[in-house]
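Spelled out, the chains give:
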Amino acid sequence: MISTFEELPDIDAANVVRCARVLLRRPLLRADGPDGDLLPMIYRQRTALQDVFSGLLGYRLVVERRFARLYKSGPGEDAGRGVESLSPRGYAYFALTLAALTGIGRQVLLSRLVSDVRAAASEAGIEIADDPADRRALTAALRHLVALGVITETEGSVTAESTAEALITIDTDMLGQLVAGPLAEASDPQQLVELASAAGPRRTEHAVRRKLIEDPVVLYADLPPEQATWLREHVINESRLLERFFGLVGEARAEGVVVCDPEDYLTDLAFPGPGTVARIALLALPELLDRGEPDSAGRHPVGWQDFADVCQDLVEAYPSAWSRAATEDHQDLVRSVIDLLGRLGLLRESEGSWLLSPAAHRWLPQPDATPAQQQRESEPPAPEAPGWSLFDEMEEAAR
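Residues numbered from 1 in each chain as written. Predicted model: local features only at pLDDT ≥ 70, side-chain atom pairs only at ≥ 80, totals over all residues. Heavy atoms only, no water.

Taking an unreviewed UniProt entry as the reference, the protein is identified by name as TIGR02678 family protein belonging to Saccharopolyspora endophytica.

Novice: What exactly am I supposed to notice about the sheet that holds strand β6 (residues 167-170) here?
Specialist: One key point about sheets: their strands pair by backbone hydrogen bonds, in either a parallel or an antiparallel sense. Spatially, β4-β6-β5 is the arrangement adopted by the three strands of the open sheet, whose pairing is antiparallel. Looking at the sheet topology across the chains shown, the edges are occupied by β4 (107-109) and β5 (151-155). Put simply, the sheet's adjacent strands are angled 30° from each other on average, direction ignored. Note: β5 against β6, four bridges, orientation antiparallel. What sits directly across from E153, in β6, is I168. Relative to β4, helix α6 (residues 110-123) is tilted by about 85°, and along the sheet it contacts β4 and β6. (Pairing = 2+ DSSP bridges. Helix = DSSP H or I, 4+ residues; strand = E, 2+ residues; numbered from the N terminus. Axes fitted to C-alpha atoms, helices over the stretch in contact; angles between N-to-C directions. Contact = heavy atoms within 4.5 Å.)

Novice: Sorry if this is basic, but what is going on with the packing of helix α12 (residues 276-289) against helix α15 (residues 330-343) here?
Specialist: Packed helix pairs are specified by the crossing angle of their axes together with the interaxial distance, meaning the distance between the axes. Their axes nearest at 9 Å, the elements α12 and α15 cross at an angle of 75°. Relative to α15, α12 is oriented roughly perpendicular. From α12, V277, A278, I280, A281 and L285 reach across to α15, where they touch L333, S336, V337, L340 and L341. Its residues assigned to classes, the contact of α12 with α15 comprises nine nonpolar, one polar and no charged. (Parallel < 35°, antiparallel > 145°, perpendicular 65-115°, else oblique. Nonpolar A, V, L, I, M, F, W, Y, C, P; charged D, E, K, R; others polar.)

Novice: Help me out: how do you make sense of the nonpolar core in this one?
Specialist: If you look at the biggest cluster of nonpolar residues, it comprises 46 residues, and the most contacted ones within it are F5, L49, F53 and F246. Looking at this core, the elements with two or more residues in it are α2 (10-25), α3 (39-44), α4 (46-56), β2 (60-63), β3 (67-71), α10 (204-214), α11 (225-246) and β9 (256-260). Contacts of F5, omitting those with residues within four sequence positions, involve A13, V16, V17, V52, R244 and F245. F271, F307, L333 and W363 belong to the second largest nonpolar core, which has 35 residues in total. (Core = buried A, V, L, I, M, F, W, Y, C linked by side-chain atoms within 4.5 Å. Buried < 20%, exposed > 50% of the residue type's maximum accessible area, 1.4 Å probe, protein only.)

Novice: Is there a simple way to think about the sheet that holds β9 in this case?
Specialist: In space, the three strands of this open sheet follow the order β7-β9-β8, with antiparallel pairing throughout. Edge positions in the open sheet fall to β7 (217-219) and β8 (249-252), since each of these has one partner strand only. Across the sheet, the mean angle from the axis of one strand to that of its neighbour is 20°, orientation sign disregarded. Sheet strands in contact with α11 are β7, β8 and β9, and its direction is about 10° off that of β9.

Novice: When you look at the environment of S157 in this model, what are you seeing that I'm missing?
Specialist: Tracing the backbone shows S157 in the loop between β5 and β6. Assessed through its relative accessible area of 34%, S157 is described here as partly exposed. Sequence separation of S157 and R143 is 14 residues, and the distance between their C-alpha atoms is 9.5 Å. In contact with S157, other than residues within four places in its own chain, are L110, E165 and A166.

Novice: Would you mind going over α11 with me for this structure?
Specialist: An α-helical turn contains 3.6 residues, so any two residues separated by three or four positions project in the same direction. Given a rise of 1.5 Å per residue, 22 residues ought to cover 32 Å, yet the end C-alpha atoms of α11 are separated by just 27 Å, more than 12% below that figure. If you check which residues of α11 are buried, you get Q227, A228, W230, L231, V235, E238, S239, L241, L242, F245 and F246. Directly beyond the C-terminal end of α11, a positive phi value near 70° is found at G247. (Expected span 1.5 Å × (residues − 1).)

Novice: Any chance you could explain the pairing of β9 here in plain terms?
Specialist: Remark: a regular strand shows side chains that alternate across the two faces of the sheet. Across the five residues of β9, four count as buried, placing the element largely inside the fold. Judged from the three bridges that link them, β7 and β9 form a sheet pairing that is antiparallel. Bridge pairing links L219 to G256 in β9. In terms of strand pairing, β8 meets β9 through four bridges, oriented antiparallel. What sits directly across from G250, in β9, is V259.

Novice: How do you make sense of the confidence of the model for the protein when you look at a structure like this?
Specialist: Low pLDDT means the predicted coordinates in that region are not meant to be read closely. Chain-level statistics for the protein give a pLDDT mean of 86 and a share of 89% at 70 or above. Scored below 50 in pLDDT, residues 388-395 shows two contacts in the model against residues more than four places distant or in partner chains. (pLDDT = per-residue confidence, 0-100.)

Here you go:
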């Protein structure tokens, strides 16, 4: 399929897979950033990597000495993918900052940049409220640009304090590579989102393979009919491709495909995981799966009260197992569990309630013991009554 990759020696082919995995995790890779030590290898193998990404996924890869940029498809209407530090307001400021940086030169004072960003917001018809929440959103956008290497704090630092000053240096080469969507082809924001998330040149093949790469759970019921039919017919071959080129393991089920990374490198959200919310979410799955009859796609309908009841039962059954801060507000705990399962792709909202994915059957934990059993086992054994010993006769003789 990929002639350049097929011609490589085994060691070079393994290095291409390693580099491909790094680029999937870090689409904008810098020499001075995380995993930047692999940039020389990526540069050497750039031809094979470009063939792999363009042939299998329809992605464009740009590789320079200082950075590598993989242009992945946008998430479309999927709200589960994004930067945790950026709120919707933060994302708006991120876009406005990119617009302001485009014509500002290589260095600028922070106060001037903030002024230009707010002017761009006013021009776009976005209301600005100079309050702490608004300043935090702008600061988060600027901090993310610092993390990406697009801007550097030459003197001072970017903070939420309105009186703070700093000298900002802009990497114009990196700035030019940042935006993945075709801005020149879009007439409005909605069209830009649609174009950025559009399928690759091979349409169905690229669209399905991108879902398998980017999402841990892909259900046939969630795909358009032509994509679901194609995946059913090619699921075995696709699993082999995922493992050969990206080191991923696909598990085919009647309802769809679950994709796992044995090394957890490409896993952005590990599950099961530590913490009260993750453990309660795990233990809640068996009970939630029994709450309602599954639909034709194997998805189980659950409501808010189902989550509230199951979480309450777990908190009361194992009171010493949970963080007090995480369980003192029960409503917040329920929301956190729902949010976690949603980000994992195991839960989707549907007409005021939720549908639990059949992939949740992969995690059916069984407690080691019931709370009563644990309590009995933890009680110290009663001391035995003293019995006869060899010293008894000696004591009697002494008397």
